[in-house]
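Residues per chain, in single letters:
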Amino acid sequence: MINCFRAGIPLQGLMHDLSKYFPSEFLIGAKYFQGNRSPNVMERIEVGYSSAWMHHKGRNKHHYEYWFDNDDSTLTIQPVEMPLKYVVEMFCDRVSASKIYKGKSYTDRTSLEYFESHDYKVTMHKNTRELLSYLLNMLAEEGERKTFKYIRKLVREDRKNGGK
């Protein structure tokens, strides 16, 4: 929530991840809580999939996994470009999660390192992936103050232009 306020999207910060309070997410989260990674990982290990994650990603637009749709020309499911406000919220979420999971070993490079350790070429729309990478690189190289200032400028311009 705090990062969303810093990024100029306060309403999204207030509404962020409210689905975690639904029993289908909250109870699973409590059962599999470990403190150093998502409870969804343990549910996947034990059950073979994460029902909490499937519920969560289907209700929260700041997760790139929400942004898939049918491509009628190829008869496949393809990633869709995320609107800026949700990419910004995803950035805020990733930075916050990195701070929580890494604790005292967190640095401004942590979120970028996590991002670079995964291959998003098929699962995340190219433009979304490039913007997120740009923001994470800016954070790693120039720090939070400059990155959030830049993000606020992007958000203002997006609103001025009608946003998506």
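Before reading on, note that the structure itself is shown above.
Residues numbered from 1 in each chain as written. Predicted model: local features only at pLDDT ≥ 70, side-chain atom pairs only at ≥ 80, totals over all residues. Heavy atoms only, no water.

Points about the layout of surface pockets
Over the atoms, a rolled probe matching the size of one water molecule traces out where space is still vacant. To keep things clear, this is the line we draw: For cavity detection a 1 Å grid was placed over the protein atoms alone, and a set of points counts as a cavity when a 1.4 Å probe fits there but cannot get out; an open set counts as a pocket when protein lies on both sides within 12 Å along at least five of seven lines, with lining residues being those that have an atom within 4 Å of a point. Grid points are joined across faces, edges and corners, and a volume is the space filled by probe spheres set on the points. Each helix is a run of H or I in the DSSP string that is no shorter than four residues. Each strand is a run of E no shorter than two, and both are numbered from the N terminus. Under the scheme applied here, ten amino acids are nonpolar (Ala, Val, Leu, Ile, Met, Phe, Trp, Tyr, Cys and Pro), four are charged (Asp, Glu, Lys and Arg), and all others, including Gly, are polar.
Put simply, the largest pocket is a space of about 1700 Å³. Forming the boundary of the largest pocket are 46 residues, of which K20, S38, D93, A97 and Y101 lie nearest the centre. Those elements that provide at least two residues to the lining of the largest pocket are α1 (2-7), α3 (23-32), α4 (39-47), α5 (51-57), α6 (84-102) and α7 (110-116). In terms of residue count, α6 provides more of the lining of the largest pocket than any other element does, 11 residues in total. Within the lining of the largest pocket, the residues separate by chemical class into 20 nonpolar, 15 polar and 11 charged. Empty space within the second largest pocket amounts to approximately 210 Å³. Taken together, 13 residues make up the lining of the second largest pocket; nearest its centre are M15, R59, N60, K61 and E89. Partitioned by chemical class, the residues of the lining of the second largest pocket number four nonpolar, five polar and four charged.

Comments concerning the pattern of salt bridges
We count it as follows: The term salt bridge refers to a side-chain nitrogen of Lys or Arg lying within 4 Å of a carboxyl oxygen of Asp or Glu. Buried, partly exposed and exposed residues are distinguished by accessible area as a fraction of the type maximum, computed with a 1.4 Å probe on protein chains only: under 20%, between the cut-offs, and over 50%, respectively.
Overall, the coordinates contain eight salt bridges when judged by the stated rule. Put simply, E144 and R6 hold a salt bridge, and the shortest N to O gap is 2.5 Å. Highlighted residues: E144 in helix α8 (residues 126-160) and R6 in helix α1, separated in sequence by 138 residues. What makes E144 buried here is its relative accessible area of 14%. Among the charged side chains, a salt-bridge network with shared partners connects R6, K99 and E144.

Looking at the nonpolar core
In plain terms, the rule: The set of buried Ala, Val, Leu, Ile, Met, Phe, Trp, Tyr and Cys residues whose side-chain atoms join them within 4.5 Å is what this entry labels a nonpolar core. By the convention used here, residues are in contact when the closest approach between their heavy atoms is within 4.5 Å.
Counting 28 residues, the largest nonpolar core has A7, M82, V88, F91, C92, L132 and I151 as the members making the most contacts within it. Elements that contribute at least two residues to this core include exactly α1, α6, α7 and α8. Take this core: its biggest share by element is nine residues, from α8. Not counting chain neighbours up to four residues away, the residues in contact with A7 comprise V88, C92, F148, I151, R152 and V155.

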